[in-house]
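Okay, here's what each chain looks like letter by letter:
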Amino acid sequence: MKIMARSGDVVAGFSGGYALGLDIGGTKLAAGVVRSDGAVASLLTRATGAADGPERVIARLLDLARDAISETDVASAQLAGIGIGCVGPLDSVRGVVQNPPNLPGWLEVPLVARVEEALGLPTRLENDATAATLGEFVYGAGRGCGHMLYLTISTGVGGGAVIDGVLHRGRTGNGGELGHIVVVHGGRRCGCGSRGCLEAYVSGTAIAARARERLAAGSPSSLAALPEVTAADVAAAASAGDGLAAELWEETGDILGSGLAGLVNIFEPEVVVLGGGVTRGGAGLLDRVRESALARAMPAVARDCRIVLAALGDRVGVVGAATAVFVNSSTGLR
Ligand SMILES: [Zn+2]
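Summary of the structure given here. This one's a predicted model, so the numbers in the text were calculated from it and none came from an experiment.

1. Quick look at the overall build of the chain
Logical step 1: Across its full length, the chain carries 11 helices and 12 strands.
Logical step 2: Since a compact globule built from 334 residues should have a radius of gyration of about 20 Å, the 20 Å found for the chain is in line with a globular shape.
Logical step 3: Dimensions of the chain along its principal axes, counting C-alpha atoms only, are 60 × 50 × 35 Å.
Logical step 4: The buried share of the chain, taken over its 334 residues, is 54%.
Logical step 5: Sequence-distant contacts in the chain: of pairs separated by 6 or more residues, those separated by 24 or more amount to 64%.
Logical step 6: Roughly 13700 Å² of accessible area belongs to the chain as shown, and the carbon and sulfur atoms make up 51% of that amount.
Logical step 7: Here the chain contributes 28 positive and 33 negative side-chain charges, whose respective centroids are spaced 3 Å apart.

Here it is as structure tokens:
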């Protein structure tokens, strides 16, 4: 997908109008009507209920989509199309969701055809992190740049890259998995089946697991009093001065920075945008990541690289999905 050289131009190139953005996650569905300047006219969410299987989840998604449209005074004729961001793997060229581990029972589901048939609008499918990358590039923290990396760090670690104004999607839309670069050879087992991936250390799930292991090994900490430790608990305890939590949080920043150093060396981005719940945990994470990444990356590459927090917050899912429609309709490329 060719966008344009600078993201600011892309926004200016849109011809007005709206798109419907849909976001399908393992735990949450979201639907929203988004204006071509990035403003969100409606935003609705509900639980995915993934265990119910694809038919019931698609029915829920379509209900949510209809509600998101009817909440606004936007007519169907004003909608340029529908963008769907979905957990992968998927085939964005064929519009098919393949077999995401977080959506049990989805095997080669022709989602684009189903949504087009039900709602009567041209529809695009993107990996959710790829769509979010596009949203941050056009409307968020990457606005005005030509080279951007995006990582979203929550339950897992998703990512995407914009290279000289072009969104990198790979052959079928599954490329840009920046969370699965190996940072520790033979390290922790990752959900993708490999070992030592960035995700296996810095995702919310991995931070909680690392904390539990340290507690089980007898490290003293205020976390030991909690029935179940989450990444948010670790961040809060680190801010409150708990020694073990602070150590875990610093390690997380260091490891994330090591991974970013490798990515920065490869891509030489102007900006690295970090989103997702873990990055909102505070406790000096961003400073630690910057320090770790920029100390390790090659000086010529690191010198002018900025590492910043994402700007779109909870809107990124629907805005990113809608952006895929705007970019497509403004360039005519699929
Ligand atoms: Zn992995």
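What follows continues from the structure just given.
2. With respect to the nonpolar core
Logical step 1: Counting residues in hydrophobic clusters, the biggest one holds 44 residues, and the most contacted among them are Leu 151, Val 234, Leu 260 and Val 272.
Logical step 2: Looking at this core, the element that brings in the most residues is helix α8 (residues 243-267), giving 10 residues.
Logical step 3: Not counting residues within four places of it along the chain, the set of residues in contact with Val 234 comprises Ile 207, Ala 211, Leu 223, Val 229, Ala 245, Leu 248 and Trp 249.
Logical step 4: Val 33, Leu 44, Ala 50 and Val 87 belong to the second largest nonpolar core, which has 34 residues in total.

3. Considerations on the sheet that holds strand β12 (residues 306-309)
Logical step 1: With respect to topology, five strands assemble into an open sheet ordered β10-β9-β8-β11-β12, the strand pairing being mixed. The outermost strands of the open sheet, each flanked by one partner alone, are β10 (166-168) and β12. With direction set aside, neighbouring strand axes in the sheet form an average angle of 20°.
Logical step 2: Relative to strand β9 (residues 157-163), strand β8 (residues 148-153) runs antiparallel, the two sharing six bridges. Paired with Met 148 across the bridge in β9 is Val 162.
Logical step 3: Strand contacts of α8: β8, β9, β11 (271-275) and β12, with the helix running at about 155° to β8, the strand carrying the most contacts.

4. Observations concerning the pattern of salt bridges
Logical step 1: All told, the structure shown has 16 salt bridges when counted by the stated rule.
Logical step 2: A salt bridge links Arg 35 to Asp 37, with the shortest nitrogen-to-oxygen separation between them at 2.7 Å.
Logical step 3: According to the relative accessible area criterion, Asp 37 is partly exposed, its value standing at 40%.
Logical step 4: Here Arg 288 and Asp 254 are joined by a salt bridge, their closest N and O atoms 3.0 Å apart.

5. Regarding helix α3 (residues 111-119)
Logical step 1: Residues of α3 that are buried include every one of Leu 111, Val 112, Val 115 and Leu 119, and no others. Relative to the axis of α3, the buried residues are bounded by an arc of 95° and lie together on one face.
Logical step 2: Looking one or two places after α3, you find Gly 120, whose phi comes out positive at around 70°.

6. Comments concerning the coordination of the zinc ion
Logical step 1: The coordination sphere of the zinc ion, as far as protein atoms go, consists of His 180 (ND1), Cys 190 (SG), Cys 192 (SG) and Cys 197 (SG), spread over 2.0 to 2.3 Å.
Logical step 2: Coordination at the zinc ion comes from four donor atoms whose angles at the metal span 103 to 119°, giving a geometry best classed as tetrahedral.
Logical step 3: Positions of the donor residues of the zinc ion, expressed as sequence spacing, correspond to H-x9-C-x1-C-x4-C. On the criterion of sequence distance, the pair formed by His 180 in the loop between β10 and α5 (199-202) and Cys 197 in the loop between β10 and α5 is long-range, its members being 17 residues apart.

7. A look at the pairing of strand β1 (residues 18-24)
Logical step 1: Most of β1 is tucked away: seven of the seven residues are buried.
Logical step 2: Here β1 pairs with strand β2 (residues 28-35) via seven bridges, running antiparallel. Following the sheet pairing, Asp 23 is matched in β2 by Ala 30.
Logical step 3: What sits between β1 and β2 in their antiparallel hairpin is a turn of three residues.
Logical step 4: Sheet analysis places β1 next to strand β4 (residues 79-86), joined by six bridges and oriented parallel. Its bridge partner being in β4, Leu 22 is matched across the sheet by Ile 84.

Calculation criteria
Residues numbered from 1 in each chain as written. Predicted model: local features only at pLDDT ≥ 70, side-chain atom pairs only at ≥ 80, totals over all residues. Heavy atoms only, no water. Helix = DSSP H or I, 4+ residues; strand = E, 2+ residues; numbered from the N terminus. Rg over C-alpha atoms; globule rule 2.2 N^0.38 Å. Buried < 20%, exposed > 50% of the residue type's maximum accessible area, 1.4 Å probe, protein only. Contact = heavy atoms within 4.5 Å. Areas by Shrake-Rupley, 256 points an atom, 1.4 Å probe, with all protein chains shown as cover. Lys, Arg positive; Asp, Glu negative; His and termini not counted. Charge placed at Lys NZ, Arg CZ, Asp CG, Glu CD. Core = buried A, V, L, I, M, F, W, Y, C linked by side-chain atoms within 4.5 Å. Pairing = 2+ DSSP bridges. Axes fitted to C-alpha atoms, helices over the stretch in contact; angles between N-to-C directions. Salt bridge = Lys/Arg side-chain N within 4 Å of Asp/Glu carboxyl O. Arc of directions from axis to C-beta. Donors = N, O, S within 2.8 Å, 3.2 Å for Na, K, Ca; no water. Tetrahedral: all angles 85-135°; square planar, octahedral: opposite > 155°, others 65-115°.

All quantities given are derived from atomic positions and should not be read as evidence of function.
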